[in-house]
Amino acid sequence: SAILEGKIRPGHFDGVLRVLNKLFRLTRANSVYMGKKDTQQLIIVQNMIKTFFLNIELVACDIIRERDGLALSSRNVYICDEDKCNALRLSRSLNKAQNLIQNGEEDASEIKTKMLEVLEPLKVDYVAITDRNLNEISKIEKNNTIILVAAYVGKTRLIDNIWI
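The paragraphs below set out a description of the structure included in this document.

The rules behind these values
Residues numbered from 1 in each chain as written. Predicted model: local features only at pLDDT ≥ 70, side-chain atom pairs only at ≥ 80, totals over all residues. Heavy atoms only, no water. Helix = DSSP H or I, 4+ residues; strand = E, 2+ residues; numbered from the N terminus. Rg over C-alpha atoms; globule rule 2.2 N^0.38 Å. Buried < 20%, exposed > 50% of the residue type's maximum accessible area, 1.4 Å probe, protein only. Contact = heavy atoms within 4.5 Å. Areas by Shrake-Rupley, 256 points an atom, 1.4 Å probe, with all protein chains shown as cover. Lys, Arg positive; Asp, Glu negative; His and termini not counted. Charge placed at Lys NZ, Arg CZ, Asp CG, Glu CD. Expected span 1.5 Å × (residues − 1). Arc of directions from axis to C-beta. Core = buried A, V, L, I, M, F, W, Y, C linked by side-chain atoms within 4.5 Å. Phe/Tyr/Trp six-rings, centres within 6.5 Å; stacked < 30°, edge-to-face > 60°. Lys NZ or Arg CZ within 6 Å of the ring centre and 35° of its normal. Pairing = 2+ DSSP bridges. Bend = angle between axes of the 7 residues up to and from the residue. 1 Å grid on protein atoms, 1.4 Å probe; cavity = no way out; pocket = protein on both sides within 12 Å on 5 of 7 lines; lining within 4 Å. Points joined across faces, edges and corners; volume = space filled by probe spheres on them. Nonpolar A, V, L, I, M, F, W, Y, C, P; charged D, E, K, R; others polar.

Another aspect to go through is the overall build of the protein. From N to C terminus, the protein includes five helices and five strands. Across the protein, helices and strands are ordered from the amino to the carboxyl terminus as α-α-β-α-β-α-α-β-β-β. Relative to the 2.2 N^0.38 estimate, which gives 15 Å for 164 residues, the radius of gyration of the protein is 17 Å and therefore close to what a compact globule would have. Across the 164 residues that make up the protein, the buried fraction comes to 42%. Considering only residue pairs separated by 6 or more positions, the protein has 59% of its internal contacts joining residues 24 or more positions apart. For the protein, the computed accessible surface area is about 9,600 Å², with 47% contributed by carbon and sulfur atoms. Charged side chains of the protein number 24 positive and 21 negative; the gap between the two group centres comes to 6 Å.

The following block contains the structure:
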């Protein structure tokens with residue numbers, strides 16, 4: 001919880017886990033559905049469920065995107081029409097990474113460099129290539145890689161990712 005989103009928002013996940021733990025216990029939920037868009041939160045909640053031996057199935061739901069590729073988010077309402085083109089740089093950078101991987105590129109550093117080119121001129125918080133436990137990796141591992149990006153479009157901070 002101290003990396004990526006947790007680094008930007010210290011203590012955020014502590015509050016999320018406290019609230020969800022209470023909610024799960026009060027409702028005696030059997031299943032919880034969480035979106036992959038908030039990947040770090042999903043993984044942290046999954047770890048909480050295991051750690052506290054909660055009898056809950058966590059179902060990871062795919063990211064829903066607008067037709068143009070922008071990941072749906074409540075924050076999208078803060079993006080003005082003129083910034084929309086720049087907002088699409090996040091999904092385009094992830095598409096670039098996916099295309100590089102499909103064409104045989106496995107070097108995480110090379111993929112990050114190409115993604116950052118697509119993200120220019122945005123203020124980028126991070127581009128991270130990790131395994132499914134959010135440990136940074138230097139080489140793509142099929143079925144065990146997540147590529148995450150966070151950047152500002154104007155004053156609005158957006159996140160997006162793909163699972164490889």
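Time to look at helix α2 (residues 12-27). Along its 16 residues, α2 runs 23 Å from first to last C-alpha, staying within 8% of the 22 Å computed at 1.5 Å per residue. Among the residues of α2, those classed as buried are F13, V16, L20, N21 and F24. One side of α2 carries all its buried residues, which in axial view fall inside an arc of 130°. More than 90 degrees from the buried face of α2, the exposed residues found are R18, V19, K22 and L26. Its buried side turned inward, α2 meets α1 (5-8), β1 (31-35) and α3 (39-51). Of the residues trailing α2, R28 is marked for its positive phi of about 50°.

L90, I111, M115, I129, I147, V153 and L158 are the most contacted members of the largest nonpolar core, which totals 25 residues. Within the residue set of this core, elements represented by two or more residues are α4 (81-102), α5 (108-119), β3 (123-131), β4 (145-153) and β5 (156-163). Apart from residues no more than four positions distant in its own chain, M115 is found in contact with S93, L94, A97, V127 and I147. M34, I43, Y126 and A150 belong to the second largest nonpolar core, which has 21 residues in total.

Another aspect to go through is the packing of aromatic side chains. Working definition: an aromatic ring pair is given by the centre-to-centre distance plus the angle between the planes. For the structure shown, the criterion picks out zero aromatic pairs. Its end group placed over the ring of W163, K36 keeps NZ or CZ at 4.5 Å from the ring centre.

Here β1 pairs with strand β2 (residues 57-61) via five bridges, running parallel. Paired with V32 across the two strands is L58, which belongs to β2.

Let's shift gears to α4. With 22 residues, α4 should reach 32 Å at 1.5 Å per residue; the first-to-last C-alpha distance of 32 Å fits that figure. The largest bend along α4 reaches roughly 30° and is located at L90. For α4, the complete set of buried residues consists of A87, L88, L90, S91, S93, L94, A97, L100 and I101. The inward-facing, buried residues of α4 contact α5, β4 and β5. Where α4 terminates, the next one or two residues include G104, which has phi positive at roughly 100°.

Moving on, we get to the layout of surface pockets. Looking at the largest pocket, its volume works out to about 330 Å³. Lining the largest pocket are 21 residues, and of these E5, R9, K37, D38 and I159 sit closest to its centre. Those elements giving two or more residues to the lining of the largest pocket turn out to be α2, α3 and β5. The leading source of residues in the lining of the largest pocket is β5, at five residues. Of the residues assigned to the lining of the largest pocket, the class counts are seven nonpolar, seven polar and seven charged.

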